Amino acid sequence: MAVIKIDTTQYDTQLTEKEQRITSQFKRFGVQALEVFSSEPINYRQRAEFRVWHDGDDLFHIMFDQATKEKIRVDTFDPAAPLVGEVMQVMIDNLKSCEVLRRKLFQIDYLSSLSGEILVSLLYHKPLDDQWLTEIKALKEKLSSKYNIDFIGRARKQKEVLGNDFVTERLTVNGQELIYQQVENSFTQPNAKVNIKMLEWAQDLCKPLSNDLLELYCGNGNFSIALAGSFNRVLATEISKSSVHSAQYNIAKNKVDNLDIIRMSSEEFTQAMNGERTFSRLEGIDLKSYDCQTILVDPPRAGMDTLTCDLVANYENIIYISCNPDTLERDLDHLTRTHHVKRFAIFDQFPYTHHIESGVFLQRK
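Residues numbered from 1 in each chain as written. Predicted model: local features only at pLDDT ≥ 70, side-chain atom pairs only at ≥ 80, totals over all residues. Heavy atoms only, no water.

Asker: Just checking my understanding: could you explain the side chain of Lys18 for this structure?
Answerer: For Lys18, the location among the structural elements is in helix α1 (residues 11-26). Here Lys18 is in contact with Ile346, Asp348, Phe350, Pro351, Tyr352, Thr353, His354, His355 and Ile356, once residues within four sequence places are set aside. (Helix = DSSP H or I, 4+ residues; strand = E, 2+ residues; numbered from the N terminus. Contact = heavy atoms within 4.5 Å.)

Structure (structure tokens):
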């Protein structure tokens, strides 16, 4: 049996190395001491994706070594949340004995929640016919006696959903339960317990702040919903249709009545704010009625473009969440012309990897 094992005795060392690296990289911005938020050292990933390898009657998950591209068999996977790890083995055991479900299967994706739901996506190099539907329905019925499980089958130009195409996550943030719909194939924070720490850190930042909040790149409303209670009103933007749909669902589920989310890119919103373009999507929203003194940005790895940086610099308080220290450093070169870095945190979303999530709080000089 092939096991992806983690040497948990190395956890503190790897986190210290990240702390030292980020401290050195950002020292020139006046960062003296980082706030460091650790992860569970094992079973921390709520989602995982594996290719599937067929070897005669055998069938198993595989990963590829990033450096050598060598195929690695995966029977148990220590980073996976316990529910994902358990269902991985259950799926292999059931797929091996069913020719219809295993034939031309090339990938399995798992998406789980702390609240005990799991969604399994099966990707194929073949059309999914009535026989496949019959077998997957039978498997769902069999497993549903033990698991809160749904399935998605994907093939070229085909998507079959057995149940929901999302899981519902319930996070307890500073004693308050927040509900988030997390849709298959949409971005969600993979490390739910560290995500709670990020939300609590952001709430702590916002306690003394007031007026309104603007958020760019809001995703499914992860931060905006958690922070809505700290402000009079919140206006958030997101370009992904599926994320905006989830955000609207999450607003309703959490009974948030002071948050509006609009589907716009950061570039489009900058144009709207500067009066350069009008958008039908802003119909019914009076941008001038907002008194946003705080802006939160959580951009993709590429960071922000220059025009968006210029827009962000107009606000008294800036909360910058980053998954890429290099583009964060570049953008801080721009933003620290007008703002001081007041707090800097790192969140170990991705243990034992080079990656780190950062949070920076800036205030106008």
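So much for the structure itself; the text now carries on.
Asker: Even after reading the chapter, I still don't get the sheet that holds strand β4 (residues 58-64), so can you show me in this structure?
Answerer: One key point about sheets: their strands pair by backbone hydrogen bonds, in either a parallel or an antiparallel sense. On the basis of which strands lie adjacent, the open sheet formed by seven strands has the order β5-β4-β3-β7-β8-β9-β10 and mixed pairing. Edge positions in the open sheet fall to β5 (71-74) and β10 (158-162), since each of these has one partner strand only. Neighbour to neighbour, the strand axes of the sheet diverge by 30 degrees on average, direction disregarded. Sheet topology places strand β9 (residues 148-155) next to β10; five bridges connect them, and they run antiparallel. Bridge pairing in β10 places Arg154 opposite Lys159. Against the sheet, helix α2 (residues 82-96) engages β3 (47-55), β4, β5, β7 (105-112), β8 (117-124) and β9, with an angle of about 150 degrees to β7. Contacting β8, β9 and β10, helix α4 (residues 130-143) crosses the sheet at an angle of about 160 degrees to β9. (Pairing = 2+ DSSP bridges. Axes fitted to C-alpha atoms, helices over the stretch in contact; angles between N-to-C directions.)

Asker: Mind showing me how you'd approach helix α5 (residues 192-206) here?
Answerer: Along an α-helix, residues three or four apart share an orientation, since each turn contains 3.6 residues. Compared with an ideal rise of 1.5 Å per residue, which puts 15 residues at 21 Å, α5 spans 21 Å between its outermost C-alpha atoms and is within 8% of the ideal. Summarising burial for α5: eleven of the 15 residues are buried, a large majority. Among all positions of α5, only Ala192, Val194, Asn195, Ile196, Met198, Leu199, Trp201, Ala202, Gln203, Leu205 and Cys206 are buried. (Expected span 1.5 Å × (residues − 1). Buried < 20%, exposed > 50% of the residue type's maximum accessible area, 1.4 Å probe, protein only.)

Asker: Explain the sheet that holds strand β14 (residues 234-238) to me, please; I cannot follow it from the model alone.
Answerer: Strand order across the open sheet formed by eight strands is β2-β18-β19-β17-β16-β13-β14-β15, with mixed pairing between neighbours. Where the open sheet ends on each side, the last strands, each with one partner, are β2 (35-37) and β15 (259-263). When strand polarity is set aside, the average angle formed by the axes of neighbouring strands in this sheet is 15 degrees. Relative to β14, strand β13 (residues 212-216) runs parallel, the two being bridged by three bridges.

Asker: Please clarify how empty space enclosed by the protein should be interpreted in this entry.
Answerer: One simple way to see leftover space: roll a probe sized like a water molecule over the atoms. For the structure shown, the criterion picks out one cavity of 30 Å³ or more. In this structure, the largest cavity encloses a volume near 40 Å³. If you go around the largest cavity, the residues you meet are Glu117, Ile118, Leu119, Asn148, Ile149, Asp150, Asn164, Phe166 and Val167. When contributions to the lining of the largest cavity are tallied by element, the ones reaching two or more residues are β8, β9 and β11 (166-173). Class assignment for the residues of the lining of the largest cavity results in five nonpolar, two polar and two charged. (1 Å grid on protein atoms, 1.4 Å probe; cavity = no way out; pocket = protein on both sides within 12 Å on 5 of 7 lines; lining within 4 Å. Points joined across faces, edges and corners; volume = space filled by probe spheres on them. Nonpolar A, V, L, I, M, F, W, Y, C, P; charged D, E, K, R; others polar.)

Asker: Hey, could you run me through the packing of α2 against α4 in this one?
Answerer: How two helices sit against one another is set out by the angle between their axes and by the gap between those axes. Two elements in contact, α2 and α4, have axes separated by 12 Å at closest approach and are oriented at 135 degrees. With respect to each other, α2 and α4 are oriented oblique. Considering how the two elements wind past one another, α2 and α4 form a crossing that is right-handed. In this structure, α2 uses Val90, Met91 and Asn94 to contact α4, whose residues at the interface are Leu139, Lys142 and Leu143. A breakdown of the residues in the contact of α2 with α4 according to their chemical character gives four nonpolar, one polar and one charged. (Parallel < 35°, antiparallel > 145°, perpendicular 65-115°, else oblique. Left-handed = near helix turned anticlockwise from the far one by under 90°.)

Asker: Could you clarify how one ought to interpret the packing of aromatic side chains in this entry?
Answerer: Centre distance and the angle of the planes are the two values used to describe a pair of aromatic rings. Following the criterion strictly, the structure yields ten aromatic pairs and no others. For the pair Tyr11 and Tyr352, a centre-to-centre distance of 5.8 Å together with 75 degrees between the ring planes defines the contact as edge-to-face. Residue Tyr11 is found in helix α1, and its partner Tyr352 is found in the loop between β18 (339-347) and β19 (357-364); the two are separated by 341 residues along the sequence. Ring centres 4.9 Å apart and planes at 50 degrees place the aromatic pair Phe26 and Phe344 in the tilted group. Here Phe26 is found in helix α1, whereas its partner Phe344 is found in strand β18, with 318 residues between them in sequence. The burial state of Phe26 is the same as that of Phe344; both residues are buried. Connected via pairs of aromatic rings, a cluster forms that spans Tyr11, Tyr44 and Tyr352. Cation over ring: Arg73 sits above Phe60, and NZ or CZ is 4.0 Å from the ring centre. (Phe/Tyr/Trp six-rings, centres within 6.5 Å; stacked < 30°, edge-to-face > 60°. Lys NZ or Arg CZ within 6 Å of the ring centre and 35° of its normal.)

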